[in-house]
Amino acid sequence: MSAIDDLPPLRDVIREHALSARKSLGQNFLLDLNLTAKIARAAAPLDDAAVVEIGPGPGGLTRALLALGVRRVIAVEHDARALPALQQIARRYPGRLDIVCADAKAFDPLPLLAGERAKIVANLPYNIATTLLVGWLSIEPWPPWYDMMVLMFQREVAERIVARENEEAYGRLGVLANWRAETKILFDIAPAAFVPQPQVTSSVVRLIPRRAPEACDRRALEQVAAAAFNQRRKMLRQSLKSLAADPARLTAAADIDPTRRAETVPVSGFVAMARELADIRAEKRTTPE
């Protein structure tokens, strides 16, 4: 008997279904059901919740979510080898687990949710984790269909997500994430907890969408942040020239000294510069040649 239900231990499940982790899919299986339950509880409240899980693999986190009271899990798994193990869980929790064999990068949960609010809880495949997160943070219109994300990343990526100005890890990802969400690293998980063992520590991050982020055009914000951080050692008056706009006008709109560097500018400063950039472009579109 496992720690959370009467299904077989995960090591037995992996052996039965020959689920050796594949590096090409970014797979590292978390076999400690106490840890998967800890991740699930981080998404509380769970009672009557709907959850979208990406990359369930042998289903350790899936089982924890269902055992702790989640009403419905939509499990999106790209590796067809894992489907029999997930189907075994579905039989144990009838009517509560929807299994979707799909590439998470192209998966749209909205038809399955049919207007229902949900949470995203996942031990994300390392090789697509950042791509998935940026996609979820870029949803339009905002606020999105999810109320919370509890996600596992490599520690280095987690630090970039939560970083603020004057922190070493601060960059484009931190600007986008902290503009649209409240972010926090909840806890770390050591490499020894995984099969196979990764070479890095993992971290579980919680992101709660802001209902009303500071108003600005998301694409303009991403472009300002990209220009600034792509040349992060240069002053803003130099790095922002790539936007084909007057850097002095952008920094003045944010009340920022143009000799500052990107890592010293708070999210609100990037938002102000993005609004000004959008205004400059609108002026150009309406000005006769």
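It should be noted that the structure appears before, not after, this text.
Draft legend 1. Here's a closer look at the packing of aromatic side chains. This structure, assessed with the given rule, holds four aromatic pairs. Measuring from centroid to centroid gives 6.3 Å for W142 and Y146, while their planes differ by 85°, and the two rings are edge-to-face. Judged by its relative accessible area of 15%, W142 is buried. Judged by centre distance (5.5 Å) and plane angle (25°), the rings of F229 and F270 are stacked. Taken together, the positions of F229 in helix α9 (residues 218-230) and F270 in helix α12 (residues 267-286) put the pair 41 residues apart, joining distant regions of the chain. In terms of burial, F229 and F270 fall into one category: buried. Taken together, W142, W145 and Y146 form an aromatic cluster joined through their ring pairs.

Draft legend 2. Geometry of the environment of A82. Of note, A82 is situated in the loop between β3 (72-77) and α4 (83-92). Taking C-alpha positions, A82 is 21 Å from I39, a pair spaced 43 residues apart along the chain.

Draft legend 3. Structural context of the pairing of strand β5 (residues 118-123). The element β5 is largely enclosed, with a buried count of six among its six residues. The alternating pattern of β5 places A118, I120 and A122 and K119, V121 and N123 on opposite faces, both of which are buried. Sheet analysis places β5 next to strand β6 (residues 146-154), joined by six bridges and oriented parallel. By the bridge assignment for β6, V121 is matched with V150.

Draft legend 4. Up close: the environment of L66. Looking at the element boundaries, L66 is found in helix α3 (residues 60-67). By relative accessible area, which is 1% here, L66 ends up buried. For L66 and P266, which are 200 residues apart along the polypeptide, the C-alpha to C-alpha distance reads 40 Å.

Draft legend 5. A look at the packing of helix α6 (residues 129-137) against helix α8 (residues 172-180). Where α6 meets α8, the axes come as close as 10 Å, and the angle between the chain directions of the two elements is 40°. In this view, α6 runs oblique relative to α8, as classed from their interaxial angle. The crossing of α6 and α8 is left-handed. On α8, the residues touching T130, L133, V134 and L137 of α6 are L173, L176, A177 and R180.

The rules behind the values
- Residues numbered from 1 in each chain as written.
- Predicted model: local features only at pLDDT ≥ 70, side-chain atom pairs only at ≥ 80, totals over all residues.
- Heavy atoms only, no water.
- Phe/Tyr/Trp six-rings, centres within 6.5 Å; stacked < 30°, edge-to-face > 60°.
- Buried < 20%, exposed > 50% of the residue type's maximum accessible area, 1.4 Å probe, protein only.
- Helix = DSSP H or I, 4+ residues; strand = E, 2+ residues; numbered from the N terminus.
- Pairing = 2+ DSSP bridges.
- Axes fitted to C-alpha atoms, helices over the stretch in contact; angles between N-to-C directions.
- Parallel < 35°, antiparallel > 145°, perpendicular 65-115°, else oblique.
- Left-handed = near helix turned anticlockwise from the far one by under 90°.
- Contact = heavy atoms within 4.5 Å.

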